[in-house]
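Tertiary structure, described
Here's the letter readout for the chains.
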Amino acid sequence: MNNSIKVKFKSNEKLYKLYTRMRALLISLLYVIKFKEKSKEHLKASIDSMLNNEKTIGLPTTITIEPANICNINCPICETGAGKLDRVKRVLKTNDFKKIIDQVYAHTNTLIYYFMGEPFLNKDWVEQVQYAKKMGINRVETSTNGDIAIAEDIISSKIDFISFQIGGMTQKTHEIYRVNSNLEKVFKNLKETINLKKEKNAHWLTIDVGFIVMKHNEHEVEEFKSFCKDIGADCFNIVIPVVRNYEEGEIYLPNNEEYWTYDKTKFIENKELIKKNKYTNQCPWMYYSTVILSNGDVVPCCEDSCGKHVLGNVLEDDFKNVWNNEKYKKFRNIVNTKQKNLELCKICSSYGISQLY
């Protein structure tokens, strides 16, 4: 869409909502035409979103499963790293993982295999990813801080996508946010993975490098891009920072507004942390996806890191029952009618349409 037209659309909330819903429907129909796996569920999710359904006709095509809610480093904004998660520390057992996959594989196109912790602290992670692939999930992706990543495990797991996320190009800048992380070790593990991918011709694997841009490292962005090209990463991206409050924003948000998802004017003038282009009473993403914590609890999205909105438990009940139970229907109703009452929505700029691979 032409940028000027898009700006006009965005200035009219009702019009822009209609546009996003029609676009979602069109994308879903194209997936059906292209015979993409799970495309019918994707289409149903688009219809659910368009109609603001409380009880859905579709099932989510993107599932996040948390392998572990513990971490080896202490990122100060992250609830896990800061010790503010307020959940029992645990690693997802393989039997439990398989029980979950057996419930969701039929409608899952993409498995996001990480959440509030370092996934490689789950010693059975290779077996778990292999099982998900065996059950026909098209794409499994993960994200790691890189300190304990083992190239041989990554290749043998047959995982489709991995992102190594760094906090700077020197140990000095990296460790300001990636507390207790060793950048030299991360780079070593990253390069070994890239080299082994080439050696094993692991064409299915995409190796990404993410640069968490913040006030203390934004001057290193161009150096980061050159580094990624030099080492042969498949792709790289600038990870826009997420903060939980004004005080964290003062410390970590970059000076360059290009790297902001928040309204900088309101941040400076009113000390408010408000997302840009925030529309009320809508969330397409809640129809395409869900999050399953390491204890089997189901929460609506990645903003609920502490598990405050538990909608059911898939180790105690079947996922399909949870997906349309009274708690889930009530949550969707609140999002679609009184979203301003939900704390987890206040600093979320909303996620769009789930992609099929």
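Description of the structure in this document.

Conventions and cut-offs
Residues numbered from 1 in each chain as written. Predicted model: local features only at pLDDT ≥ 70, side-chain atom pairs only at ≥ 80, totals over all residues. Heavy atoms only, no water. Axes fitted to C-alpha atoms, helices over the stretch in contact; angles between N-to-C directions. Helix = DSSP H or I, 4+ residues; strand = E, 2+ residues; numbered from the N terminus. Parallel < 35°, antiparallel > 145°, perpendicular 65-115°, else oblique. Left-handed = near helix turned anticlockwise from the far one by under 90°. Contact = heavy atoms within 4.5 Å. Nonpolar A, V, L, I, M, F, W, Y, C, P; charged D, E, K, R; others polar. Polar contact = N/O pair within 3.5 Å; in protein donor to acceptor, adjacent residues only side chain to side chain. Expected span 1.5 Å × (residues − 1). Buried < 20%, exposed > 50% of the residue type's maximum accessible area, 1.4 Å probe, protein only. Arc of directions from axis to C-beta.

Here we look at the packing of helix 4 (residues 94-104) against helix 5 (residues 125-134)
Close contact between helix 4 and helix 5 brings their axes to 10 Å; oriented N to C, the two are set at 20°. Between helix 4 and helix 5, the angle is such that the two are roughly parallel. Crossing handedness for the pair helix 4 and helix 5: right-handed. Across the interface between the two elements, Thr94, Phe97, Lys98, Ile101 and Asp102 from helix 4 touch Glu127, Gln128, Tyr131 and Ala132 from helix 5. Residue classes in the contact of helix 4 with helix 5 are distributed as four nonpolar, two polar and three charged.

Structural notes on the side chain of Glu141
Here Glu141 lies in strand 3 (residues 139-144). With sequence-adjacent residues up to four places away left out, Glu141 is seen in contact with Thr110, Leu111, Ile112, Tyr113, Tyr114, Ile159 and Phe161.

Digging into the environment of Asn180
With respect to the element layout, Asn180 can be found in the loop between helix 7 (171-177) and helix 8 (183-200). Residue contacts for Asn180: discarding those within four places in its chain leaves Asn72, Ile73, Asn74 and Asp147.

Digging into the environment of Glu118
Looking at where Glu118 falls in the secondary structure, it is placed in the loop between strand 2 (110-112) and helix 5. On a C-alpha basis, the gap between Glu118 and Lys134 in space is 23 Å, while along the polypeptide they are 16 residues apart. Leave out the neighbours within four places in its chain, and Glu118 touches Ala68, Ile70, Cys71, Asn72, Thr144, Asn145, Gly146 and Ile148. A distance of 3.0 Å separates a polar atom in the side chain of Glu118 from the backbone nitrogen of Asn145.

Focus on helix 14 (residues 326-338)
Along an α-helix, residues three or four positions apart point the same way, because every turn accommodates 3.6 residues. For helix 14, with 13 residues, the first-to-last C-alpha span of 17 Å sits near the 18 Å given by 1.5 Å per residue. Taken residue by residue, helix 14 has Tyr328, Lys329, Phe331, Arg332, Val335 and Asn336 as its buried positions. Along helix 14, the residues classed as buried sweep out an arc of 160° about the axis, all on the same side. Structural note: helix 14 exposes Glu326, Lys327, Lys330 and Lys338 on the side pointing more than 90 degrees away from its buried face. Two or three places before Lys327, at the start of helix 14, stands the capping residue Asn325, its side-chain oxygen 3.2 Å from that residue's backbone nitrogen.

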